[in-house]
Amino acid sequence: MKTPLSILQDSIIVPLYKFQKDFLSKNALHASCKKVANFVFNCSKETALIMLIFNAVSIMSGHLSQIGGLKRSKRENKDYLISQEKKELALDLGLTIVPPFLLNNFLKKKLESGAITTPEAKEKLVNLVAPVVGVSKDELYSTEHIRPIKETIASVCSKFTDAILKHDKKMPKKLEETLIKLDQNFKSKLPDYVSKFPSPTLEDIATDFDNLAKENKISQGILKKLHNGSAYDDLCGQNNGILIMATIAYTILASNVIMPILKNKLANRSYEKQLAKMGETRESIKLKKRFKECSYSMFEDSDLFSPFSNTDSLLSQNKETNIFDSFNTSKKNDTFSSFNTYNRISSQSAGLRI
C-alpha cells in the first residue's frame, strides 16, 4: 500500500522535476536555443521565408494574448468575443501562411527558370558567369531543386509524425498504427533525392564564381561588370530583392485591405447566427430600439410634469410673499414716517428753518 509521501512523490514531485529538467533546465534551454539558431541560419538565405514565419508568429501571439485577456476579464459577452477571436486567429494564420508561401514558390520558380528576369541579368549570367564556371546554357535555368508545395507539406508532416512516435513511447497501439501509416504515406510522396543527380542551382553557380574570384583566377574587367564584384550579390541578390518586395506587398495588402473585409463579413455572419439562436433578426432589433426611444421621449420628465412645474413656481412665489410681508410693510408706514421725512428735508436747508 502506498503511503501519502510516496503518492505525493509520484504524482507531484517527480513530474515537476521531469518538467523542469526537460524544459526549464540550462541544457534544455541551450538545446532549444541551438535549434532556433540552426533554423534561422539554414533559412537565412530565404529572407522572404523568414519574414513570413516571424510574421505568423507575431500574429499568433497577438491573438493568443487577446484571448487570454478576454478569459480573465469580467465581460458578460466574453464567450462570444473569445469564439470570434479564435475564428479571426484561424483566418489570420490561413491568409498569412498559405498564400505567401504559394506566391513565394511561384516567383522563385519563375526567377530561377529565367521567365522573370532583366536582359542585363541574363547577359551577365550567360556571357560572364557561365563560361568561367563551366556550366552549359541548358543547366543555367534549372528548377528541379525547388520543391513543390505538396512535397514540402509531406516533408513537414513526416517529420512531425516521426517526432511524435519518438517522443511518446507509451501511446495506444491504434494511435501508433495510424501514425505509422500516415508517416509511410507522407514519405511515399517524397522523391528519391539520393538516386537523383542534382542539377546546379543559381546559388551554386554564383558561389563557385565568387570562390574563383577570391583565388584571383578572374580578371578585374569581368568583376567590375558585377555588383560589388560578386555574382552572388548581383544575380541572387536581385532575385531575393524581388521576393522580399512581393512578400512585403502581400502582407500590406492582406493586413490593410483583405483582412478588414473578411473580418467584417465574419463578424456579420457570427452576429446573424447569434441572433438566430435568440430568435431575433436585425429588423426586430431595430424595431425594439425605435420603440424604446419613442417611449422614452413620450415619458420624459420635462414633458410629463411641465404643468406641475408652473404651479410649483406659483406656489414658491406665494410662499416668498406671505401675509407677514404685507404686515411688515404696513408696520413700516406708521404715523411718524411723515414727520421724519419732513424733518429730514427741512434740516437740509437752513434758510427755510424758523
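Throughout, residues of each chain are indexed from 1 in the direction in which the sequence is written. Two thresholds apply to this predicted model, a pLDDT of at least 70 for residue-level local features and 80 or more for giving and counting side-chain atom pairs, whereas whole-chain, interface and lining totals are computed over all residues. Here the side-chain values reflect all heavy atoms present in the structure, with hydrogen atoms and water set aside.

A. Expanded view of empty space enclosed by the protein. A 1.4 Å probe that fits into a set of points on a 1 Å grid over the protein atoms alone but cannot get out defines a cavity; an open set with protein on both sides within 12 Å along at least five of seven lines defines a pocket, and lining residues are those with an atom within 4 Å of a point. Grid points are joined across faces, edges and corners, and a volume is the space filled by probe spheres set on the points. Going through the model one piece at a time under the given rule, you end up with 3 cavities of 30 Å³ or more. Every residue lining the largest cavity is counted, 14 residues in all, and those nearest its centre are L111, T117, L125, Y141 and L202. In this text, helices come from DSSP runs of H or I with a minimum length of four residues, and strands from runs of E with a minimum of two, each type numbered from the N-terminal end. Every element with two or more residues in the lining of the largest cavity is listed here: helix 4 (78-113), helix 5 (119-133) and helix 10 (231-278). Considered as a void within the structure, the second largest cavity measures approximately 50 Å³ in volume. In this structure, the second largest cavity is lined by L52, P100, L103, N104, L107, L243, A246, T247 and Y250. For the lining of the second largest cavity, the elements supplying multiple residues, two or more each, are helix 4 and helix 10.

B. Layout of the environment of A267. Structurally, the position occupied by A267 is in helix 10. A267 sits 179 residues away from E88 along the chain, and the two C-alpha atoms are 9.3 Å apart.

C. Structural view of the nonpolar core. Buried residues of nine kinds, namely Ala, Val, Leu, Ile, Met, Phe, Trp, Tyr and Cys, make up a nonpolar core once their side-chain atoms join them within 4.5 Å. Here's how the labels work: a residue is buried when its accessible area is under 20% of the maximum for its type, exposed when over 50%, partly exposed in between, all with a 1.4 Å probe on protein chains only. Membership of the largest hydrophobic core comes to 19 residues, with the highest contact counts inside it found for L125, V129, L140, F209, A231 and L235. Taken together, the elements giving at least two residues each to this core come down to helix 5, helix 8 (202-214) and helix 10. For this core, the element with the most residues is helix 5, which contributes 6 residues. When checking whether two residues touch, look at their non-hydrogen atoms; a contact exists if any pair is within 4.5 Å. When neighbours within four sequence positions are excluded, V129 is seen to be in contact with K124, I205, F209, A231 and L235. Formed by 5 residues, the second largest nonpolar core is a distinct cluster that contains A48, L111, L243 and A246.

D. Representation of a nonpolar patch on the surface in the model. Patches here are clusters of residues that have more than 30% relative accessible area and form no salt bridge, with a 9 Å joining cutoff for like charges and a 5 Å cutoff for nonpolar side chains (Val, Leu, Ile, Met, Phe, Trp, Tyr). Note that accessible areas follow from Shrake-Rupley with a 1.4 Å probe, and for residues the cover is restricted to the protein chains shown. Salt bridges, as used here, are contacts in which a Lys or Arg side-chain nitrogen is within 4 Å of a carboxyl oxygen on Asp or Glu. On the surface, a cluster of nonpolar side chains totalling about 540 Å² of accessible area is made up of L5, L8, I12, I13, V14 and L16. Position of I12 relative to the elements: it lies in helix 1 (residues 4-24).

E. Focus on unusual backbone geometry. Its identity as a non-glycine residue notwithstanding, N216 has a phi of 60 degrees, on the positive side. By the element assignment, N216 lies in the loop between helix 8 and helix 9 (220-223). One non-glycine residue, N228, adopts positive backbone phi at about 60 degrees. Structurally, N228 can be placed in the loop between helix 9 and helix 10. Note on N228: relative accessible area 61%, which makes it exposed.

F. Focus on the side chain of E88. Take E88: it is sitting in helix 4. Of the side chains bearing the opposite charge, K263 lies closest to the buried E88, which forms no salt bridge; the N-O distance is 4.2 Å. The residues contacting E88, other than those within four sequence positions of it, are H63, K263 and L266. Charged residues are defined here as Lys and Arg on the positive side and Asp and Glu on the negative side; His and the ends of the chain fall outside this count.

G. Structural context of a positive patch on the surface. Taken together, K87, R269, K273 and K277 make up a surface patch of like positive charges. The dominant element in the positive patch, judged by the number of residues it contributes, is helix 10, at 3 residues. Within the secondary structure, K277 sits in helix 10. Note on charges: their place is set at NZ of Lys, CZ of Arg, CG of Asp or CD of Glu.

H. Broad picture of the pattern of salt bridges. Under the defined criterion, the tally for this structure stands at 4 salt bridges. Here D92 and K263 are joined by a salt bridge, their closest N and O atoms 3.7 Å apart. Of this pair, D92 sits in helix 4 while K263 sits in helix 10, placing them 171 residues apart in sequence. Exposure remark for D92: the relative accessible area of 8% places this residue in the buried category. The exposure class of K263 is partly exposed, given its relative accessible area of 26%. The shortest N-O distance in the salt bridge between K217 and E215 comes to 3.1 Å. Residue classification places E215 among the partly exposed positions, given a relative accessible area of 47%. Among the ionic contacts, a cluster of salt bridges with common partners joins E120, K124 and D234.

Remember, this is a structural readout, not a statement about activity or role.
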